[in-house]
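Descriptive structure summary
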Amino acid sequence: MTLQSDATHDAEIAGLGPWFHNLHLPDGRQTAPDHPLGDFPSFKWRKIAPHVPDDLSGWTALDIGCNAGFYTFELARRGARVTGLEPDAHYLAQARWAAARYGVQDDVELRRGTVYDLVDAHERWDLVLFMGVLYHLRHPLLALDAVAAATRRLLVLQTLTMPGDARVDPPRDLDIDERDRLLGRGWPVMAFIEHKLADDETNWWAPNVACVEAMARSAGLRVDAHPAHETWLCSPCG
Ligand SMILES: C[S@@+](CC[C@H](N)C(=O)[O-])C[C@H]1O[C@@H](n2cnc3c(N)ncnc32)[C@H](O)[C@@H]1O
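1. Section: the packing of aromatic side chains
Here the distance between the centres and the angle between the planes together describe a pair of aromatic rings. All told, the structure shown has eight aromatic pairs when counted by the stated rule. Members of the aromatic cluster, each reached through a chain of ring pairs, are Phe20, Phe40 and Phe43. Positioned over the ring face of Trp59 is Arg153, at 3.9 Å from the centre of the ring.

Structure below.
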């Protein structure tokens, strides 16, 4: 590679910034090598990757809130036909640019849109990634119901949570005078954040682990595994 094209690629990466995903590009460059979370999201993917089939040939996949497309490209590498769904034009431009760098622009569809586009859409994918989005939503259950309906085989669900991992088995019914149990340890609870969390006014919710699992079940999903912090594998019950 010439010095000039090196400089061009560096300028393109800088021009598309800031980056939330540190993509490792084929020429060895990284898009966010100084990411405050570390090599993000590679370190998260390393925990999830063993739970996703190595060979996704014949699978369709949907990456909701795909950002710069880190997971979209990983699934495409395994042979899936992937749709990356992202509302933010800035991130979508990064994903489109990176798709061309990886040479997968014909294998992935990068679509501008939100999770709410799935409501009553009747489109389904074998594998759905719903990672890092739930807590940013004003209407998390509406979205989760739509995500569940869009999942044919496997859903990877990741969300910010509240500290603690206690869970109670919610009773089939609760008497009106028994509401103090709602305050008990392990009851499914989701904290509402009126203002900001981590300087981000789109962080609306922080569910506890019991609540994530209860919401998934109530959306018609089976919770199959909890392979990593704040991450669940689910499949449709029906
Ligand atoms: C915290 S980032 C997570 C990115 C990526 N899924 C990951 O796990 O690394 C949240 C992403 O969700 C996108 N997003 C925000 N609201 C959304 C919505 N209503 N529907 C779909 N994506 C949304 C944001 O633009 C951003 O790319």
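2. Focus: the side chain of Glu230
Note that Glu230 resides in the loop between β8 (221–228) and β9 (231–236). Sequence-distant contacts of Glu230, defined by excluding residues within four places in its chain, comprise Leu157, Gln158, Thr159, Leu160 and Thr161.

3. Overview of the nonpolar core
Soluble globular proteins tend to pack their nonpolar side chains together in the buried interior. Counting 37 residues, the largest nonpolar core has Trp19, Leu23, Trp45, Leu75 and Leu127 as the members making the most contacts within it. Among the secondary structure elements, those contributing two or more residues to this core are α1 (3–16), α2 (42–48), α3 (70–77), α4 (89–102), β3 (108–112), β4 (125–131) and β5 (151–158). In contact with Leu75, other than residues within four places in its own chain, are Trp45, Val52, Leu56, Ala61, Ala80, Val82, Leu127 and Leu129. One finds Val133, Leu134, Met215 and Ala219 within the second-largest nonpolar core, a separate group that totals 28 residues.

4. Let's talk about the site of the ligand
Close to the ligand lie 19 residues, the nearest being His21, Gly65, Glu86, Val115 and Met131. One of the backbone nitrogen or oxygen atoms of Gly65 is found 2.8 Å away from a nitrogen atom of the ligand. Coverage of the ligand by the protein amounts to 86% of the 590 Å² it exposes when considered alone. For the shell around the ligand, a count of residues per class yields 11 nonpolar, six polar and two charged.

5. Thoughts on a nonpolar patch on the surface
Taken together, the side chains of Phe20, Leu37 and Phe43 define a hydrophobic patch exposed on the protein surface, amounting to about 260 Å² of accessible area. In this fold, Phe43 is placed in helix α2.

6. So, unusual backbone geometry
Most peptide bonds are trans, and most residues other than glycine sit at a negative phi. For the bond running from Gly17 to Pro18, omega is 0 degrees, close enough to zero to count as cis. Residue Pro41 is reached from Phe40 by a cis peptide bond, and omega for that bond is 0 degrees. Structurally, Pro41 is set in the loop between α1 and α2. One non-glycine residue with positive phi stands out, namely His122, at about 60 degrees. Following the sequence through the fold, His122 ends up in the loop between β3 and β4. Looking at His122, the relative accessible area reads 73%, which means it is exposed. The phi dihedral of Glu230 is positive, around 65 degrees, even though this residue is not glycine.

Thresholds, definitions, all that
- Residues numbered from 1 in each chain as written.
- Predicted model: local features only at pLDDT ≥ 70, side-chain atom pairs only at ≥ 80, totals over all residues.
- Heavy atoms only, no water.
- Phe/Tyr/Trp six-rings, centres within 6.5 Å; stacked < 30°, edge-to-face > 60°.
- Lys NZ or Arg CZ within 6 Å of the ring centre and 35° of its normal.
- Helix = DSSP H or I, 4+ residues; strand = E, 2+ residues; numbered from the N terminus.
- Contact = heavy atoms within 4.5 Å.
- Core = buried A, V, L, I, M, F, W, Y, C linked by side-chain atoms within 4.5 Å.
- Buried < 20%, exposed > 50% of the residue type's maximum accessible area, 1.4 Å probe, protein only.
- Near = heavy atom within 4 Å.
- Polar contact = N/O pair within 3.5 Å; in protein donor to acceptor, adjacent residues only side chain to side chain.
- Areas by Shrake-Rupley, 256 points an atom, 1.4 Å probe, with all protein chains shown as cover.
- Nonpolar A, V, L, I, M, F, W, Y, C, P; charged D, E, K, R; others polar.
- Patch = residues over 30% accessible without salt bridge, like charges linked within 9 Å, V, L, I, M, F, W, Y side chains within 5 Å.
- Salt bridge = Lys/Arg side-chain N within 4 Å of Asp/Glu carboxyl O.

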